[in-house]
Amino acid sequence: MKYLLVLLVLLFAFWIWRNNRQNDERNDNAPKTRAPRGPVAMIACAQCGTHVPEAEVVQGHRGRYCCAEHRRQHEASVR
């Protein structure tokens, strides 16, 4: 009976070890994090002067803005 218990404990330990090893191999194959990008151009809002990334700029007839509300305000005040 005690040999059966020892065998079960060994099998359980082997099963845990094998699962941990497989998880580590899966993590090694996982895609690596991307390298950080370079600097981003910052554009000043024509209404408030806040600098925002070029990708987030709202283009207007009289300049570039940080949001649509500032575009509307600035273009209404210039008329």
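Residues numbered from 1 in each chain as written. Predicted model: local features only at pLDDT ≥ 70, side-chain atom pairs only at ≥ 80, totals over all residues. Heavy atoms only, no water.

With an unreviewed UniProt entry as reference, the protein chain is termed PP0621 family protein, source organism Hydrogenophaga luteola.

Caption draft 1: Up close: the environment of glycine 49. Inspection of the secondary structure puts glycine 49 in the loop between strand 1 (42-44) and strand 2 (51-53). With a relative accessible area of 35%, glycine 49 lands in the partly exposed category. Along the sequence, glycine 49 and tyrosine 65 sit 16 residues apart, while their C-alpha atoms lie 8.5 Å from each other. (Helix = DSSP H or I, 4+ residues; strand = E, 2+ residues; numbered from the N terminus. Buried < 20%, exposed > 50% of the residue type's maximum accessible area, 1.4 Å probe, protein only.)

Caption draft 2: Spatial organisation of the pattern of salt bridges. Going through the model one piece at a time under the given rule, you end up with one salt bridge. With its nearest N and O atoms 2.4 Å apart, the salt bridge here joins arginine 72 to glutamate 69. Placement of the pair is arginine 72 and glutamate 69 together in helix 2 (residues 68-78), with a separation of three residues, close to one helical turn. The exposure class assigned to arginine 72 is partly exposed, which follows from its relative accessible area of 49%. Residue classification places glutamate 69 among the partly exposed residues on the basis of a relative accessible area of 37%. (Salt bridge = Lys/Arg side-chain N within 4 Å of Asp/Glu carboxyl O.)

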